[in-house]
Amino acid sequence: MLVSRNIVHLDMDTFFVSVERLLRPELVGKPVIIGGASDRGVVASCSYEARKFGIHSAMPMKMARTLCGDAILVRGDMELYSKYSHTVTEIIAEKAPLYEKASIDEHYLDVTGMDRFFGLQKWTHELRESIIKNTGLPISFGLSVNKTVSKIATGEAKPNGELYVGPGAVQPFLAPLSIRKIPMIGEKTYRLLRSMGVVTIDTLSHIPVDMLERVMGRNGIVIWEKANGIDRTPIYPYHEAKSVSTENTFEQDSIDIVRMKEILVKMVEKISFELRDKQKLTSCVTVKIRYSNFDTHTLQQHVPYTAFDHQLIPVVKNLFDRLYQRRMLIRLIGVRFSSLISGNPQLNMFDDNVEMVNLYQALDRIRRKYGQKIVRRGVAIRNSEIAK
Amino acid sequence: MKFIISSTLLLRNLQSILGVINTNNTLPILDDFLFELKDDLITITSSDLETTMRVTISPDKAEEPGSITIPAKILVETLKTFPDIPVSFSINTDTLMVEISAGEGKYKLSGHKSAEYPHTPSLEDTTSISVDSQLLSQAINKTLFATGNDELRMVLSGVFCELSPDDVTFVATDAHKLVKYKRTDLKSVDSASFILPKKPLNLLKNILSTLEVQVAIEYNKTNAFFSFSNIHLICRLIDGKYPNYDAVIPKENPNRLTIERHALLTSIRRVSIFANQSTHQIRFKVSGQELILSAEDIDFSNEAKERLSCSYNGEDMEIGFNSKFLLEMLNNIETEEICLEMSAPNRAGILTPLNNENKDEDILMLVMPVMLNK
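The model shown is predicted, which means the values in this text are computed figures rather than measured ones.

Engineer: I'd like to hear about the confidence of the model for chain B, residue by residue, with values.
Structural biologist: Summary statistics for chain B give a mean pLDDT of 93 and a share of 100% for residues scoring 70 or more. Per the prediction output, this complex has pTM 0.73; the corresponding ipTM is 0.81.

Engineer: Residue-level account of the sheet that holds strand β4 (residues 72–74) of chain A, with values.
Structural biologist: All names here are of chain A. Strand order across the open sheet formed by 3 strands is β3-β2-β4, with mixed pairing between neighbours. Each end of this open sheet is capped by a strand with a single partner; those strands are β3 (43–46) and β4. Neighbour-to-neighbour, the strand axes of this sheet turn through a mean angle of 30°, independent of strand direction. By the bridge criterion, 3 bridges tie strand β2 (residues 32–35) to β3 in an arrangement that is antiparallel. Residue pairing for β3: I34 is matched across the bridge by S45. Where helix α1 (residues 15–23) meets the sheet, it contacts β2, β3 and β4, and its direction lies at approximately 110° from that of β2.

Engineer: So, the layout of surface pockets: which residues are in play, and what are the values?
Structural biologist: If you add up the space inside the second largest pocket, you get close to 1,200 Å³. What lines the second largest pocket is a set of 38 residues, among which P304, Y305 and N348 of chain A together with D174 and H176 of chain B lie closest to the centre. Within the residue set of the lining of the second largest pocket, elements represented by two or more residues are β11 (296–306) and α13 (309–323) of chain A together with α7 (323–331) of chain B. Ranked by the residues each element gives to the lining of the second largest pocket, the list is headed by β11 of chain A, at 6 residues.

Engineer: A description of a nonpolar patch on the surface should follow, citing residues and the corresponding values.
Structural biologist: There is a patch of nonpolar side chains on the surface, built from L192, M196, M211 and V215 of chain A and spanning about 280 Å² of accessible area. By the element assignment, L192 of chain A lies in helix α8 (residues 187–195).

Engineer: Quick rundown of the interface of chain B and chain A? Include the residues and the values.
Structural biologist: Contact residues are listed per partner, giving 30 residues for chain B and 26 residues for chain A. Summing both partners gives a buried area of about 2,300 Å² for chain B against chain A, and 55% of it is carried by carbon and sulfur. When the buried area of chain B at its contact with chain A is split by residue, N346, M371 and N373 of chain B rank highest and sum to 30% of it. As a salt-bridge pair, D351 of chain A and R153 of chain B come within 3.6 Å of each other at their nearest N and O atoms. Here chain B and chain A share 10 residue pairs in polar contact (both at pLDDT 80 or more) between them. Counting only elements with at least two residues in the side of chain B that touches chain A, the list comes to β13 (177–183), α5 (245–248) and β19 (281–287) of chain B. Partitioning the side of chain B that touches chain A into residue classes produces 14 nonpolar, 10 polar and 6 charged.

Engineer: Can you explain the pairing of β11 of chain A? Please cite residues and give values.
Structural biologist: Residue and element names in this part refer to chain A. The pairing of strand β10 (residues 280–291) with β11 spans 8 bridges and is antiparallel. By the bridge assignment, K288 is partnered in β11 with T298. Where β10 folds back onto β11 in an antiparallel hairpin, the turn is made up of 4 residues, including F294, whose phi is positive at roughly 75°.

Engineer: Pulling in residues and values, what's your account of the side chain of S144 of chain A?
Structural biologist: Mapped onto the elements of the fold, S144 of chain A is located in strand β7 (residues 139–144). When near neighbours in sequence (up to four residues on either side) are disregarded, S144 of chain A contacts R5, N6, I7, V149, S150, V165 and V170 of chain A.

Engineer: An account of the packing of aromatic side chains is requested, with residue identities and associated values reported.
Structural biologist: Residues and elements named next belong to chain B. Applying the stated rule across the entire model yields 15 aromatic pairs over all chains. Summarising the aromatic geometry, the rings of F3 and F89 are spaced 4.7 Å apart at their centres and angled 20° between planes, so their arrangement reads as stacked. Here F3, found in strand β1 (residues 2–6), pairs with F89, found in strand β7 (residues 86–92); they are 86 residues apart in sequence, far enough to count as distant. Neither residue differs from the other here; F3 and F89 are each classed as buried.

Engineer: Explain the state of the cysteines residue by residue, including any values.
Structural biologist: This structure, assessed with the given rule, holds 0 disulfides over all chains. Cysteine C46 of chain A remains unbridged, with the sulfur of C68 of chain A as its closest cysteine sulfur at 10.0 Å. This cysteine, C161 of chain B, is not joined by any disulfide, and C235 of chain B carries the nearest cysteine sulfur, 9.3 Å off.

Engineer: Describe empty space enclosed by the protein, and please don't skip the residues or the numbers.
Structural biologist: All names here are of chain B. Within this structure, the stated rule accounts for 5 cavities of 30 Å³ or more. When its volume is computed, the largest cavity comes out at roughly 130 Å³. If you go around the largest cavity, you meet 17 residues; those closest to its centre are L136, C161, F170, L196 and I217. If you list the elements that add at least two residues to the lining of the largest cavity, you get β10 (127–132), α3 (133–144), β11 (159–163), β12 (168–173) and β14 (192–196). Residue contributions to the lining of the largest cavity peak at 4 residues, all from α3.

Engineer: How would you sum up the nonpolar core? Please name residues and give values.
Structural biologist: Counting residues in hydrophobic clusters, the biggest one holds 101 residues, and the most contacted among them are F35 and F284 of chain B. Among residues more than four places away in sequence, those in contact with F284 of chain B are L264, I268, L291, I292, L293, M317, E318, I319, F321, L326 and L340 of chain B. Membership of the second largest hydrophobic core comes to 32 residues, among which are L281, V303, L312 and M328 of chain A.

Engineer: How would you summarise a negative patch on the surface if you had to cite specific residues and measurements?
Structural biologist: All names here are of chain B. Residues E260, E336, E337 and E357 make up a contiguous surface patch of negative charge. Along the chain, the position of E357 falls in the loop between β25 (349–354) and β26 (361–367). Judged by its relative accessible area of 77%, E357 falls in the exposed class.

Engineer: Residues and numbers for the packing of helix α12 (residues 257–277) of chain A against α13 of chain A, please.
Structural biologist: Residue and element names in this part refer to chain A. At their nearest, the axes of α12 and α13 sit 9 Å apart, and the two run at 140° to each other. In terms of their interaxial angle, α12 and α13 are classed as oblique. For α12 against α13, the interelement crossing comes out right-handed. Contacts from I257, M260, K261, L264, V265, V268, E269, S272 and R276 of α12 reach α13 at D309, L312, I313, V316, K317, F320 and D321. Per-class residue counts for the contact of α12 with α13 are 9 nonpolar, 1 polar and 6 charged.

Engineer: Pulling in residues and values, what's your account of the environment of L34 of chain B?
Structural biologist: All names here are of chain B. You can see L34 is positioned in strand β2 (residues 32–38). The exposure class of L34 is buried, given its relative accessible area of 8%. Taking the C-alpha atoms as reference points, L34 and L10, separated by 24 residues in sequence, lie 13 Å from one another. The residues touching L34, leaving out its near neighbours within four places in the chain, are T43, I44, T45, I68, T69, S114 and Y117.

The rules behind each value
- Residues numbered from 1 in each chain as written.
- Chains lettered and ligands numbered in written order.
- Predicted model: local features only at pLDDT ≥ 70, side-chain atom pairs only at ≥ 80, totals over all residues.
- Heavy atoms only, no water.
- pLDDT = per-residue confidence, 0-100.
- Pairing = 2+ DSSP bridges.
- Helix = DSSP H or I, 4+ residues; strand = E, 2+ residues; numbered from the N terminus.
- Axes fitted to C-alpha atoms, helices over the stretch in contact; angles between N-to-C directions.
- Contact = heavy atoms within 4.5 Å.
- 1 Å grid on protein atoms, 1.4 Å probe; cavity = no way out; pocket = protein on both sides within 12 Å on 5 of 7 lines; lining within 4 Å.
- Points joined across faces, edges and corners; volume = space filled by probe spheres on them.
- Patch = residues over 30% accessible without salt bridge, like charges linked within 9 Å, V, L, I, M, F, W, Y side chains within 5 Å.
- Areas by Shrake-Rupley, 256 points an atom, 1.4 Å probe, with all protein chains shown as cover.
- Salt bridge = Lys/Arg side-chain N within 4 Å of Asp/Glu carboxyl O.
- Buried area = accessible area lost by both parts, 1.4 Å probe.
- Polar contact = N/O pair within 3.5 Å; in protein donor to acceptor, adjacent residues only side chain to side chain.
- Nonpolar A, V, L, I, M, F, W, Y, C, P; charged D, E, K, R; others polar.
- Phe/Tyr/Trp six-rings, centres within 6.5 Å; stacked < 30°, edge-to-face > 60°.
- Buried < 20%, exposed > 50% of the residue type's maximum accessible area, 1.4 Å probe, protein only.
- Disulfide = S-S within 2.5 Å.
- Core = buried A, V, L, I, M, F, W, Y, C linked by side-chain atoms within 4.5 Å.
- Lys, Arg positive; Asp, Glu negative; His and termini not counted.
- Charge placed at Lys NZ, Arg CZ, Asp CG, Glu CD.
- Parallel < 35°, antiparallel > 145°, perpendicular 65-115°, else oblique.
- Left-handed = near helix turned anticlockwise from the far one by under 90°.

Written out as structure tokens, the structure reads:
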């Protein structure tokens, strides 16, 4: 018999928008869309006011603008959001016994057993209050018996609310909700289940599990379990990133190889700084390209552990040359460093000289102080940027 | 071709040249030993094309000179199981059948044509020098660990030997650590330099450690030839230009730390257990007469810090090293105290023994730091 657990799901409300509003109060109460400004970008986040127009995240920007022409577009600053996300994580880390950072704005907490000492709802409420007080950002939580139910509860509690679903209340809570609320059910599964006549979680939970398995394979079993409020996945304590990566979709598909190599240099500079900043070293470099017909190819190479631009740039350029074989327009390029380990780059007595190492340290100091984009290699800067 | 020989004598000699044979050979005949019987002497050869070793032994009895190659693995495995008994070999060089009789047993295996065995390079235009086996073994021991493994930089995978009328210097480096081992009691008439590959040096190291003989070294532009007792070793030199190592040894090192070697060694060994197990990085923080060693592994929340007293002249500084390099270096120094000279956190540290009793020996070890944040 499994001991009954208490899991909290904490989720920032419209996280990116809230951060922007904190810095620009004039955005409060207005429809705000965060995402790439070009027609090819997608909506990363949008305010509740914008949602009224039918806008949702991951929707193409072009469509969002057609739906609500008055919405305020914000380019978005991931660096800034990560900083706020980090602050939230710090508050949680200080108070919670076991937590998992599920994404930039979501955390799961395992608070099993804590009700012996604190009222669980009260404790979680205080944690939420403390986050709101310290960051000024709205946050919601669901408190229940496992990750799935807690997450669904958070969804119901939003915006800026909290919801407790006790062990006995799970079934009645889930039953009337749309199957769409189950985290695993996306557009495709939803359509499939709807075509079978399943609308509410209640119906789904009463379908024989064998039948779901026949229709959807192993996933069917998991979905059925979730519909019945069963989810045994544990809280994975917060883990360091396993890789660092960046990618860029061009505004227009391109074959400008020279420009692409410049962008690659810029990308390497960006993520290798990230490595050095986190005191990580990489030993696996991957380059990715997506052709205009969405064919995506990647190529990777192992290198001795490093975090230096001057060692990684030639590797990335070489991988790109080997990867770009088809004379076709390119839509996207990306770079990823993986197989990370903690450590500082080992200096080489023949290849590295003191001046260069001092330069790295000085540049990194400037970047830490004034932001990563403040100093870059000449090739990585566009003429249009200089004009500004 | 027939001969009788003591099993242990044969085994001992085979084992001294067995190390040359690679486990995976593109040329199957390289899995064999070449046996040549001539003038009542047996010469046995093993080779991997780069390195060739040869021993000459005299059997108790020999008839019908000839030659054949015999699979090394089967032969050695068999000999290992024998007590010390006479073993008689009877070989038909036409059918290539090898018949071994020992005690009550009879064993048969087939060999290969000796004509197919690769020829050992002949030595022309050689210069020679004679070295004491213990000295050579010492020089190999002190340098070999610092050689590199990078196949893209073959020159660093060997030990660089620099001969001059005043002294002989052995250098090894993998670009992260460097050892310069100079002997003033060894001199050469001519100045010359060459790079010896790792494999033959490893083989020599194992054999020489127990011997007290003079080793004759002959060399030309492409090969080096070592001969001592009944053993000969020929190896191809690594072709290429050895980097200018003297240029990377910092000349001005105002920060000088002297410390008891054993104390430092045990502290590093202990502290490095708490370091990241793939990077092995530890920090040295020196201020006043105190050295603080620290290491951490963020992934497992492991952390260690140790304080050591030392004698220090210079500015306070913080420098990071790979602890593995330091351990290897400290293990290869014998003196009670060592000296670590440094100039800046991004420059090499120089490790030297203090009050070395051997006046003819000059050891310098250099270790590159890691780039620390801040």
